[in-house]
Amino acid sequence: MENKLQKAAKIWPSLSLTVREGKIEIEVSKLSTKQAFRTKNHINKLLKADTETSTMTRAFLVGLVKELSDFLDCNKRLQTGEDYKFTVQSLIEQRPDWTLEEFANCFKLIKQGSFGKLFERLKTAEILDILSRYEIYRINEREALRKEQDQQRQPERSQNFTVKYVPQKKNHHIKEFLHLSQKDLIELGQVKPKAESDE
C-alpha cells in the first residue's frame, strides 16, 4: 500500500521528489522557488497522514538540518540528536504551511550564501531567522500565483461592449396619489415657485 508521499511523487514527478526504501529524496539542483511554493506537500498535512509518512517527513527535515550544519561548519552549531530534534520541532511549529520542497530550496539558498555568510553560529535561532527572511520569496511567489489566477478568471472583453445610461423618468403620480395641489407642493418646499413674468 502506498503512503501519501509515494502518491505525491507519482503525481508530481517533475518536482524531483522521490521516495526510495522509506526515505524521501528531493533533487534540489532542479528545484526553483516557484516549484517549491506550488507543490502540495505541506508538512502539516504530511505529519497528520499515516505514521510512515509522518516518520519519513521528520527524518527528511532532520537530514536537511544535519546536512546544512555539516556543510557550513560554523564554530557553534547543532551537534547532538537533541539539538536536531528541537530544531526540527521548531521548524514544524514555526512553518507548518511550508512544503518539503520549500525547506529544501531554502536550505539550498543558505548554502549558496543568499542570506549572508554564516561563520560563527548556526543554532535553532539562526535557522528560524533565515526562514523568516525566506518568507519574502514566498510572498513574491504568492503574489505571482494570485495574478495568474486572476488573469485566468477574467473573461475576454468584447470590442463592441458599450455602456449606455438611460435615466429614469420621475414619478409624477405622487402628487395625484396624495391629492396635493401645486400650492401645497410649493409650501412643502418640493417645488420651486414659477417666476412671474412682467407684462
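Up top is the structure.
Here is a short report on the structure shown in this document. Each chain carries its own residue numbering, running from 1 in the written order of its sequence. pLDDT decides what is reported in this predicted model: residues at 70 or higher carry local features, side-chain atom pairs at 80 or more are listed and counted, and totals for whole chains, interfaces and linings draw on all residues regardless. As a convention, hydrogens and water are excluded, and side-chain values are obtained from all of the structure's heavy atoms.

What about the pattern of salt bridges?
Alright, step 1. In the sections that follow, a salt bridge refers to a side-chain nitrogen of Lys or Arg positioned within 4 Å of a carboxyl oxygen of Asp or Glu. For the structure shown, the criterion picks out 10 salt bridges.
Alright, step 2. A salt bridge links Asp 129 to Arg 133, with the nearest nitrogen and oxygen atoms 3.3 Å apart. In this pair, Asp 129 and Arg 133 both sit in helix H7 (residues 124-153), 4 residues apart, roughly one turn of the helix.
Alright, step 3. For Arg 138, the salt bridge is made with Glu 135, and the minimal N-O distance between the two is 3.5 Å. On the criterion of helical spacing, the pair formed by Arg 138 and Glu 135 is a turn pair, its members being 3 residues apart in helix H7. Secondary structure elements follow DSSP: runs of H or I no shorter than four residues count as helices, runs of E no shorter than two count as strands, and numbering proceeds from the N terminus.

Some points on the packing of helix H4 (residues 51-72) against helix H5 (residues 81-94)
Alright, step 1. Fitted lines through C-alpha atoms serve as axes, helices being fitted only where they are in contact, and the angles separating the N-to-C directions of these axes extend from 0 to 180 degrees. Orientation of H4 relative to H5, taken along the N-to-C sense of each, is 115°, at an axis distance of 9 Å. H5 is crossed by H4, and the crossing has right-handed handedness. Contacts between H4 and H5 pair Arg 58, Leu 61, Val 62, Val 65, Lys 66, Ser 69 and Asp 70 from the former with Tyr 84, Thr 87, Val 88, Gln 89, Leu 91 and Ile 92 from the latter.
Alright, step 2. Each residue gets one label: Ala, Val, Leu, Ile, Met, Phe, Trp, Tyr, Cys and Pro are nonpolar, Asp, Glu, Lys and Arg are charged, and the others, such as Gly, are polar. Tallied by class, residues from the contact of H4 with H5 come to 7 nonpolar, 3 polar and 3 charged. In a left-handed crossing the near helix is turned counterclockwise from the far helix by less than a right angle, and in a right-handed crossing that turn is clockwise. Only heavy atoms matter for contacts: two residues are in contact if any of them lie within 4.5 Å across the pair.

Focus: the packing of aromatic side chains
Alright, step 1. Stacked, tilted and edge-to-face are the three classes applied to pairs of Phe, Tyr and Trp rings, where Trp contributes its six-membered ring and a pair requires centres within 6.5 Å; stacked means planes under 30 degrees apart, edge-to-face means over 60, and tilted covers the rest. If you walk through the whole model with that rule in mind, you get 4 aromatic pairs.
Alright, step 2. Plain terms: the ring middles of Trp 98 and Phe 103 are 5.0 Å apart, the flat faces sit at 50° to each other, and that makes the pair tilted.
Alright, step 3. On the basis of relative accessible area, Trp 98 is assigned to the buried category, the value being 0%.
Alright, step 4. Judged by centre distance (5.1 Å) and plane angle (55°), the rings of Trp 98 and Tyr 134 are tilted. Residue Trp 98 is found in the loop between H5 and helix H6 (100-111), and its partner Tyr 134 is found in helix H7; the two are separated by 36 residues along the sequence. The pair formed by Trp 98 and Tyr 134 is uniform in burial state, with each residue classed as buried.
Alright, step 5. Put simply, the rings of Trp 98, Phe 103, Phe 115, Tyr 134 and Tyr 137 pair up and form one aromatic cluster.
Alright, step 6. Over the ring of Phe 71 we find Lys 111, and its NZ or CZ is 5.5 Å from the ring centre. Working definition: with a 1.4 Å probe on protein chains only, accessible area under 20% of the residue-type maximum means buried, over 50% means exposed, and in between means partly exposed. Only when the NZ of Lys or the CZ of Arg is both within 6 Å of the ring centre and within 35 degrees of the ring normal is a charge said to sit over the ring.

The analysis is restricted to geometry; functional conclusions fall outside its scope.
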